[in-house]
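Each chain, letter by letter, is given below.
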Protein chains: 2
Amino acid sequence: MNMTDPNSRTYAVIGTGAVGGYYGGLLAKSGQRVHFLSRSDHAVIRQHGLRIDSRDGDYVIQPASVFASSEDMPKCDVILVCIKTTANANVRELIEPILKEDSLVVVLQNGLFVEEAASQVVGYDRVVGGCCFLCSTKVGPGHVHHIDYGRVVLGAYRGKGNDQGGGHAGQMQRVFRDFVDARIEASWSENLLADRWKKLMWNIPYNGLSVVLDASTSDVMGQPHSRQLVRDIMVEVQQIASASGIAIDDSLIEKLIRDTDAMVPYDSSMRVDYRMRRGMELEAIFEMPLEVARHWGHPAPRLTMLSQQLRFLDARNLATKKADE
Amino acid sequence: MNMTDPNSRTYAVIGTGAVGGYYGGLLAKSGQRVHFLSRSDHAVIRQHGLRIDSRDGDYVIQPASVFASSEDMPKCDVILVCIKTTANANVRELIEPILKEDSLVVVLQNGLFVEEAASQVVGYDRVVGGCCFLCSTKVGPGHVHHIDYGRVVLGAYRGKGNDQGGGHAGQMQRVFRDFVDARIEASWSENLLADRWKKLMWNIPYNGLSVVLDASTSDVMGQPHSRQLVRDIMVEVQQIASASGIAIDDSLIEKLIRDTDAMVPYDSSMRVDYRMRRGMELEAIFEMPLEVARHWGHPAPRLTMLSQQLRFLDARNLATKKADE
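As the structure is a computational prediction, the values presented were derived from the model and not from experiment. (Residues numbered from 1 in each chain as written. Chains lettered and ligands numbered in written order. Predicted model: local features only at pLDDT ≥ 70, side-chain atom pairs only at ≥ 80, totals over all residues. Heavy atoms only, no water.)

Engineer: Pulling in residues and values, what's your account of the overall build of chain A?
Structural biologist: Assigned secondary structure in chain A consists of twelve helices and ten strands. Against the globule reference of 20 Å for 325 residues, chain A gives a C-alpha radius of gyration of 19 Å, in line with a compact fold. With respect to the three principal axes, the spread of C-alpha positions in chain A is 55 × 45 × 35 Å. Sequence separation of 24 or more characterises 71% of the internal contacts of chain A that already satisfy a separation of 6 or more. Summing over all exposed atoms, chain A offers an accessible surface of approximately 13400 Å²; the carbon and sulfur share of this is 49%. The distance from the centre of the 36 positive side-chain charges to the centre of the 40 negative ones in chain A is 2 Å. (Helix = DSSP H or I, 4+ residues; strand = E, 2+ residues; numbered from the N terminus. Rg over C-alpha atoms; globule rule 2.2 N^0.38 Å. Contact = heavy atoms within 4.5 Å. Areas by Shrake-Rupley, 256 points an atom, 1.4 Å probe, with all protein chains shown as cover. Lys, Arg positive; Asp, Glu negative; His and termini not counted. Charge placed at Lys NZ, Arg CZ, Asp CG, Glu CD.)

What follows is the structure, given as structure tokens:
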């Protein structure tokens, strides 16, 4: 237990869903003081605790310190941003009330430049990004099902040009140690941007195609034409990264395909969002990479086409939802 | 009535569906001797006639000369091939029994090089291709609903290299006159291959996207991202045609988009096939143009990706159908 450690930190988890519940739950279980924000589930969590059914053993965090609004939360040393990137316009109002002078913000989101919103609030020197390799789902209020994986690659955010930030390395390392001590499979990256791109090489084809083709990862991998398309899209993402100065070895493509073949059939987070008629994370996963492609003069035909298809589906999905309400 | 004209021709309609019913019906109505092949509907047509509900007035061809097999049909001067291109492997056995020494074959199908199958049987000099601009659907056995349009562009087939065929021009012109006399909106093209490509500029984006996005033409046109995608795909088809020596003016893109905006919301034939769980015409509409692209060194990324997506959907669709049977 770190409760009595004078060097211990207080954590805030902004968004207690599949990601925030999983990582926040493990930090709380390890003895860290964790305060959860859950606009929708705070009453259930206060009464029944935060319930995690995990591949590694089920547990409940009870009592859990949970709040409906960050206005009511104590100021915290470390703030984990675990909301969907589609809500990143709200980051300032969500984290400002709980900032100390030297709080660190850890952005556990998918996509590119997702740390920008937090950086605008606390400055580039105080933002850590995290690429999560996690299969988990919120199955009910305050109830997360951890299906597989859980690895997170953490690193200092260094801005869109990868040339800012980098301060407070010692403080960042202490947070990283907290993750490791909580038995989170965490690693520290000296080049977060490169890891973001490597993650995109998976997210772009599988998130995108799982929605457009209405298919699980294993459906997509089980058919030669869609399998080749996955590979073609990965090559295009690799080329865009390379044009922007991030070299990614060809062997990653083979590794990602091998890893996905070995995965349990899985609904990507984007497909889950689409099916639940929530907005998809198109800005972070498609538009930002396309912005980089445009900047460096890569035509990105496949990525453009996939984005156009997804924007059509997203608009129809949300219009249908609105009509149903 | 041409019945007593010693120069009149006998027609065979191979496949009495949305296309064969419409054009064969008009030829029969104009007095031509037309023999219909309908494997599925021959009994209904024999009893109730061939029924056409048309924008231009409803009519019934009764009695209709209809057969279940071409083995039973009389030999004919002109053979209209109106089956789906997915059945083109059967063209030889379907037309051989009804060939005279100088029969002409008119291939009324969508796609590229769809005339190859017939050319292998009767030779390049005896094949006319037709690009149909027709909105019609078979709504029941022996019952076609003609919704809109009806224009057909006819021309001598000149092989994959556009450098063969071209014989029997007089005979072809007489058949063309029969079409015009039957009040079919027909025009004669001196460069059928160019017209095939122009038709593909519509078919490839609208057939493809209507299936992948599960959307009507007006849905696709009603959203800025899918609208831009249509345009991007049209440009790619134009580039492939150009690489192969077929120049298409930019103004066609604007015209096709304007025309589609003015169309009634319409399910493309490919979407109808997909929904009915029939195989889609991917070979004729996607693979042949891609073969041309490969031959001339155009990477065709959008066309390739659309084809890969459609092949995935086609395989799943047919597998699901099989599982249901």
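From this point, the narrative continues.
Engineer: An account of the pairing of strand S6 (residues 76-81) of chain A is requested, with residue identities and associated values reported.
Structural biologist: In summary, the side chains of a regular strand alternate between the two faces of the sheet. Residue and element names in this part refer to chain A. Counted residue by residue, S6 has six buried out of six residues, so it is predominantly covered. Across four bridges, strand S1 (residues 10-14) lies against S6 in parallel orientation. Paired with Ile-14 across the two strands is Val-81, which belongs to S6. Relative to strand S7 (residues 99-108), S6 runs parallel, the two sharing five bridges. Counted as the bridge partner of Val-81 is Val-107 from S7. (Buried < 20%, exposed > 50% of the residue type's maximum accessible area, 1.4 Å probe, protein only. Pairing = 2+ DSSP bridges.)

Engineer: With reference to specific residues and values, describe the packing of helix H6 (residues 192-212) of chain B against helix H12 (residues 301-324) of chain B.
Structural biologist: All names here are of chain B. Interhelical geometry of H6 versus H12 gives an angle of 45 degrees and a closest axis separation of 10 Å. One way to sum up the angle between H6 and H12 is to call them oblique. In the packing of H6 onto H12, the handedness of the crossing is left-handed. Packed against H6, whose contacting residues are Ile-204, Gly-208, Leu-209, Val-211 and Val-212, the element H12 presents Leu-303, Leu-306, Gln-309, Leu-310 and Leu-313 at the interface. Among the residues forming the contact of H6 with H12, the class breakdown is eight nonpolar, two polar and no charged. (Axes fitted to C-alpha atoms, helices over the stretch in contact; angles between N-to-C directions. Parallel < 35°, antiparallel > 145°, perpendicular 65-115°, else oblique. Left-handed = near helix turned anticlockwise from the far one by under 90°. Nonpolar A, V, L, I, M, F, W, Y, C, P; charged D, E, K, R; others polar.)

Engineer: Which residues make up the confidence of the model for chain A, and what values do they have?
Structural biologist: When pLDDT is averaged along chain A, the result is 95; 98% of the residues meet or exceed 70. For this predicted complex, the interface confidence reaches an ipTM of 0.92, while the overall pTM sits at 0.93. (pLDDT = per-residue confidence, 0-100.)

Engineer: Before we move on, can you summarise the relation of the copies chain A and chain B with the specific residues and values?
Structural biologist: Mapping between the two copies of the chain is achieved by a rotation about an axis and a shift along the axis. Superposition of chain A onto chain B requires a rotation of 180 degrees combined with a translation of 0.0 Å along the rotation axis, giving an RMSD of 0.0 Å. Each copy turns onto its partner about a two-fold axis. When the interface residues of chain A are mapped onto chain B, 100% of them again fall at the interface, so both copies present the same face. (Least-squares fit on C-alpha atoms with pLDDT ≥ 70 in both.)

Engineer: So what's going on with the packing of helix H8 (residues 224-243) of chain B against helix H9 (residues 251-262) of chain B? Which residues, and what values?
Structural biologist: Residue and element names in this part refer to chain B. At a minimum axis distance of 10 Å, the contact between H8 and H9 shows a crossing angle of 140 degrees. Comparing the axis directions of H8 and H9 gives the class oblique. Handedness of the crossing formed by H8 with H9: right-handed. Side by side, H8 and H9 meet where Arg-227, Arg-231, Met-234, Val-235 and Gln-238 of the first sit next to Ile-253, Glu-254, Leu-256, Ile-257 and Asp-261 of the second. The residue inventory of the contact of H8 with H9, partitioned by class, reads five nonpolar, one polar and four charged.

Engineer: Tell me what's going on with the packing of aromatic side chains, and back it up with residues and numbers.
Structural biologist: The final tally for this structure, using the stated rule, is eight aromatic pairs over all chains. Over the aromatic face of Tyr-59 of chain A sits the side chain of Lys-29 of chain A, whose NZ or CZ is 4.5 Å from the ring centroid. (Phe/Tyr/Trp six-rings, centres within 6.5 Å; stacked < 30°, edge-to-face > 60°. Lys NZ or Arg CZ within 6 Å of the ring centre and 35° of its normal.)

Engineer: Got a sec to walk through empty space enclosed by the protein? Specific residues and values, please.
Structural biologist: Applying the stated criterion across every chain yields a total of two cavities of 30 Å³ or more. Estimates place the volume of the largest cavity at around 60 Å³. Phe-113, Glu-115, Ala-156, Tyr-157, Arg-158, Gly-159, Asn-162, Leu-192, Leu-193 and Arg-196 of chain A together form the lining of the largest cavity. Broken down by element, the lining of the largest cavity gets its largest block of residues, three residues, from helix H6 (residues 192-212) of chain A. Partitioning the lining of the largest cavity into residue classes produces five nonpolar, two polar and three charged. The computed volume of the second largest cavity comes to approximately 40 Å³. What lines the second largest cavity is Glu-115, Ala-156, Tyr-157, Arg-158, Gly-159, Asn-162, Leu-192, Leu-193 and Arg-196 of chain B. If one sorts the elements of the lining of the second largest cavity by residue count, H6 of chain B sits on top with three residues. Considered class by class, the residues forming the lining of the second largest cavity number four nonpolar, two polar and three charged. (1 Å grid on protein atoms, 1.4 Å probe; cavity = no way out; pocket = protein on both sides within 12 Å on 5 of 7 lines; lining within 4 Å. Points joined across faces, edges and corners; volume = space filled by probe spheres on them.)

Engineer: If you had to explain the interface of chain A and chain B to someone new, which residues and values would you point to?
Structural biologist: Chain A puts 24 residues into the contact, and the matching count from chain B is 24 residues. With both chains or domains summed, chain A and chain B bury close to 2200 Å², and 66% of this area falls on carbon and sulfur atoms. Contact with chain B buries area across many residues of chain A, yet Met-305, Gln-308 and Phe-312 of chain A alone supply 30% of it, more than any other trio. Seen at the junction of chain A and chain B, the total is zero salt bridges. On the surface where chain A and chain B come into contact, there are seven residue pairs in polar contact (both at pLDDT 80 or more). Contributing elements (two or more residues each) for the side of chain A that touches chain B: H6, helix H7 (217-221), helix H8 (224-243) and helix H12 (301-324) of chain A. Ranked by residues supplied to the side of chain A that touches chain B, first place goes to H12 of chain A with eleven residues. (Buried area = accessible area lost by both parts, 1.4 Å probe. Salt bridge = Lys/Arg side-chain N within 4 Å of Asp/Glu carboxyl O. Polar contact = N/O pair within 3.5 Å; in protein donor to acceptor, adjacent residues only side chain to side chain.)

Engineer: Could you give an account of the pairing of strand S3 (residues 50-54) of chain A, with specific residues and numbers?
Structural biologist: All names here are of chain A. Judged by how many residues are buried, S3 sits mostly within the fold: four of five residues are covered. For S3 and strand S4 (residues 59-61), the ladder comprises three bridges, and the chain directions are antiparallel. By the bridge assignment for S4, Leu-50 is matched with Ile-61. If you look at the hairpin formed by S3 and S4, you'll find four residues sitting between the two strands, and Gly-57 has a positive phi there, around 115 degrees. Note: S3 against strand S9 (residues 143-156), four bridges, orientation parallel. Residue pairing for S9: Ser-54 is matched across the bridge by His-146.

Engineer: Explain the pattern of salt bridges to me, using residue names and the numbers behind them.
Structural biologist: Residues and elements named next belong to chain A. Evaluation of the coordinates by the stated rule reveals 43 salt bridges over all chains. Here Asp-56 makes a salt bridge to Arg-55, at a shortest N to O gap of 3.1 Å. With a relative accessible area of 52%, Asp-56 lands in the exposed category.

Engineer: Could you give me a rundown of the nonpolar core, with the residues and numbers involved?
Structural biologist: Grouped burial of nonpolar side chains is what soluble globular proteins tend to show. Membership of the largest hydrophobic core comes to 152 residues, with the highest contact counts inside it found for Trp-197 of chain A together with Trp-197 of chain B. Contact partners of Trp-197 of chain B, with chain neighbours within four places excluded, come to Leu-112, Val-237, Ile-240, Ala-241, Ser-244, Ile-246, Ile-248, Pro-289 and Val-292 of chain B. (Core = buried A, V, L, I, M, F, W, Y, C linked by side-chain atoms within 4.5 Å.)

Engineer: A description of H8 of chain A should follow, citing residues and the corresponding values.
Structural biologist: Along its 20 residues, H8 of chain A runs 29 Å from first to last C-alpha, staying within 8% of the 28 Å computed at 1.5 Å per residue. Within H8 of chain A the residues assigned to the buried category are Ser-226, Leu-229, Val-230, Asp-232, Ile-233, Met-234, Glu-236, Val-237, Gln-238, Ile-240 and Ala-241 of chain A. On its buried side, H8 of chain A packs onto H6, H7, helix H9 (251-262), helix H11 (282-295) and H12 of chain A together with H12 of chain B. Gly-245 of chain A lies just past H8 of chain A and shows a positive phi near 100 degrees. (Expected span 1.5 Å × (residues − 1).)

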